[in-house]
Structures are given as C-alpha cells and as structure tokens.
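Given next are the chains, with one letter for each unit.
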Amino acid sequence: MLRQILSKLPRKSSKTDSAESARPESPVTQQISNGSSAGSGKSSNGPKRTSSVVFPASVVAGIEPLVPFKDVPSAEKMNLFVSKVSLCCVTFDFSDSSKNTLEKDVKRQTLLELVDFVAAGSVKFSEPAILAICRMCAVNLFRVFPPNYRSNSSSIGENDDNDDPMFDPAWPHLQIVYDLLLRFINSTCLDAKVAKKYIDHSFILRLLDLFDTEDPRERECLKAILHRVYGKFMVHRPFIRKSLSNIFYRFVFETEKHNGIAELLEIFGSIISGFAMPLKEEHKIFLWRVLIPLHKPKSVGIYFQQLSYCVVQFIEKEPRLASMVIKGILKYWPITNSQKEVMFLGELEEILEAISMVEFQKVMVPLFWRIGCCINSLHFQVPTTVLSFSLVYWFFFL
C-alpha cells in the first residue's frame, strides 16, 4: 500500500522538466539548443570540444564536401541547400591556423557556393531553408567578444599608439557569412511573411549586440544588414527603433563606451529621412531624449558627423524644432573643451541656416550670450570659428 501511495506522488524532476519545456523560445533558439544537445551527446566518445576566444565551444567533426548545385535537378536544389547550410554550422578555432585546415577550407568553399546560389535567385526559399540559414548565421556570428580593458571614452584629440582595434582572426571566414546573410535578406526569393518568424526580435537584438565589435569592417557589414532588415520587415520597425534608443540611453547615461554609435546613428539618419509628416510624438521624444543628450559624452567627436546629420534631418522635416534643438545644444555646451566648442559652433551654423525668424527670436538672447563667450575664448580656434559664421553678421545687423 505504501509503495502505491509513493508511486502516485509527483517527482521533482518532472516538475523541473515541465517548467523548462514551458519556457518560451524562438524557433532559431530552439533549433540551436537542440543541435547543441545532440552534438554534446555524440561528443562523449568522439573528439573533445574545442573553443576559442571568439567562438563558443562546439564539436569539431570531419566535413566532407557535398555535390555542387549544378549536378542535381531543380527539385532537389533546396534540399541540397539545406544540407550545405547545415554543414556550415560546425565552428572552428581560428586562433590556431594549423588546426583543422582541410575542414576550414571545405567549409569556406561551401559558404562561397551558397553565396553564389543565393545571388542567382533561381529557387524560392522554403521554410526549412529559412530556418536553416538563420540557425547557421546565429551559430557563426553571434558570439561574446573578449573583455576589452581599453577605455573607449578618451577625450577628443587623444591619440594613443596602443589604441589599435582588436581584429577577429576568423574575419575572412565571418565576412562570407555576413555576405551570405545580406544577400539572403535582399533576395526576391525570400518571403518576408515566413522569414519574420525566424529573423525575430531575439535575432535582431543579437545583431545589435555585435555592433560593439572593435572591427570597423564587421560594423559596416552589420550596418548594411540591419538597414535591409528595417526596410524589408515592416513589422519589426518599431522594435528596432526602440532597441536603438535603449543602446543610446545606456551609452549616454551609464557606460559612455560603445564602438558602434557612429554606425547606429548612420542607420537612424536613414530612418529619419523616411519619417512621414507630421512627425509623430515618438520621434520628437527621441530627438529630445536621445539625440540632444548624445552631445554630452567626451567621445562625441567619434560620431559627431552622424549625430549632426540626424539633428539637421529633424529640423528639415519640421523647422519648428530648431529652437528646441538650440536650447538643448546650449544646455550641453562644453566649457573647457575648445575642440568640442568648434564642433558645436559648426552644428549651430547649419541649424541657423534653416531657422525661421519666429524660432530664432525664442533663443536669440541665450544664443548671443554664448556666442559672446566664444568670442572671448582664450583658444584661437573658437573665436576664429565664430567670426567665420556667414549668418552672425546678418544677425547683428537685424
């Protein structure tokens, strides 16, 4: 009787399993976790896991080349595509060029073949193919960067010979994966309604995390991909704008360290140019709470050109915002940094060229007070820049 009673009691392990199974996951995350668990099961009697600074641990297995696309009929090409993509999910340690040389070369050739196949655009991508390529890109691209002990927030004008960016040894390999992902998103054979299930919020967030890489080549690839994602998947546009805002908030108010602010602002500049008129309140809030405070960090010189472009885009869209922008710039005006003052004066000149008389009168007094302080600056570049204003003389003779 006691045995029967005990047998009816629930086990703790079953509760844990049911709780884990109830946890929501995206389709790509589920596939990656399933693939890793299957791989770890095989590795008990096989080769040991290998890991590097840039890639997560994975099972290194022998890769055999598959038949080329031209040798199979059209009906089988998509199945072959999935097979080749799955083959490229194996990752290697690129910090040691002597390891797995043959396998690396086979994978590289397979990736190049996939790029050519996607560029040809001869077959519409099936849902398993979309899932496979999203999973492969996630396995290869999404990684944790090594800790960086160098400060990114050094003052403008400081040049340190040791401030060289850290380049990923796997970049020649990663570049092909980025090219494949970009061509895949651009392809007319991709159904956006199906692909949005796999290029989801989780996928986009992890793409945005990669913008903190020190490699400018990778940031350029990411910029092109995110721009295409924003253009193709309209359903994700509000989420992308919100995620970009969160990155800027964290940069301005917490860390002041991020390698990709310039590229992210360049993307947002393209987004602003596509805003419909009249501007939504959400966009005006972004201007006041994000773009204006971005003038504050010491490292503003790194991304100032892109920041100024975004601000001017807003004013061209809605000139009534000019007075608000000038007030914000005056609020964050640098007192002891002459190089920042010169940049701010250049931005003011662009704004003043587009401002109306009504908006100018709202900020005339604090603006001229600040210009007077700049004329009395001890650094020769500041008064020289002020006196070169094409509109200053016109304002004084009003």
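Source: prediction; values computed, not measured. (Residues numbered from 1 in each chain as written. Predicted model: local features only at pLDDT ≥ 70, side-chain atom pairs only at ≥ 80, totals over all residues. Heavy atoms only, no water.)

Novice: Looking at this model, I keep getting lost on the nonpolar core. Mind explaining?
Specialist: Side chains of a nonpolar character, in soluble globular proteins, are inclined to be buried together. Counting 110 residues, the largest nonpolar core has Phe-81, Phe-125, Met-136, Phe-248, Leu-291 and Leu-294 as the members making the most contacts within it. The leading source of residues in this core is helix α6 (residues 127-141), at 10 residues. In this structure, Phe-81 is in contact with Phe-69, Leu-114, Phe-117, Val-118, Phe-125, Ala-129 and Ile-133, ignoring residues within four places of it in sequence. (Core = buried A, V, L, I, M, F, W, Y, C linked by side-chain atoms within 4.5 Å. Buried < 20%, exposed > 50% of the residue type's maximum accessible area, 1.4 Å probe, protein only. Helix = DSSP H or I, 4+ residues; strand = E, 2+ residues; numbered from the N terminus. Contact = heavy atoms within 4.5 Å.)

Novice: What is the right way to read the side chain of Thr-110 from this model?
Specialist: Mapping Thr-110 onto the fold places it in helix α5 (residues 101-120). Excluding residues within four positions of it along the chain, Thr-110 makes contact with Lys-84, Leu-87 and Cys-88.

Novice: Any chance you could explain unusual backbone geometry here in plain terms?
Specialist: It is generally the case that most residues other than glycine have a negative phi and that most peptide bonds are trans. Omega for the peptide link from Met-277 to Pro-278 comes to -5°, which places this bond in the cis form. As for its position among the elements, Pro-278 is in the loop between α12 (261-273) and α13 (281-291). Phi is positive for Asn-100, which is not a glycine, with a value near 50°. Counting through the fold element by element, Asn-100 comes out in the loop between α4 (74-87) and α5. The exposure class assigned to Asn-100 is partly exposed, which follows from its relative accessible area of 25%.

Novice: Sorry, what's going on with helix α15 (residues 322-331) here?
Specialist: One turn of the α-helix equals 3.6 residues, which is why residues spaced by three or four share an orientation. With seven of 10 residues buried, α15 is to be regarded as a mostly interior element. Those residues of α15 that fall on the buried side of the exposure criterion are Ala-322, Ser-323, Val-325, Ile-326, Gly-328, Ile-329 and Leu-330. Packing partners of the buried residues in α15 comprise α13, α14 (300-317), α16 (338-354) and α17 (357-375).

Novice: Looking at this structure, I do not really get the packing of aromatic side chains. What am I missing?
Specialist: Both the distance between ring centres and the angle between the ring planes are used here to describe each pair of aromatic rings. Taken as a whole and assessed by the stated rule, the structure comprises 14 aromatic pairs. Measuring from centroid to centroid gives 4.0 Å for Phe-268 and Phe-286, while their planes differ by 10°, and the two rings are stacked. Placement of Phe-268 in helix α12 and of Phe-286 in helix α13 is noted, with a sequence separation of 18 residues between them. Relative accessible area serves as the criterion here: at 2%, Phe-268 is assigned to the buried category. Taken together, the ring pairs connect Phe-69, Phe-81, Phe-117, Phe-125 and Phe-184 into an aromatic cluster. Its guanidinium or amino end placed over the ring of Phe-69, Lys-84 lies 5.4 Å from that ring's centre, counting from NZ or CZ. (Phe/Tyr/Trp six-rings, centres within 6.5 Å; stacked < 30°, edge-to-face > 60°. Lys NZ or Arg CZ within 6 Å of the ring centre and 35° of its normal.)

In short, geometric facts, not functional conclusions.
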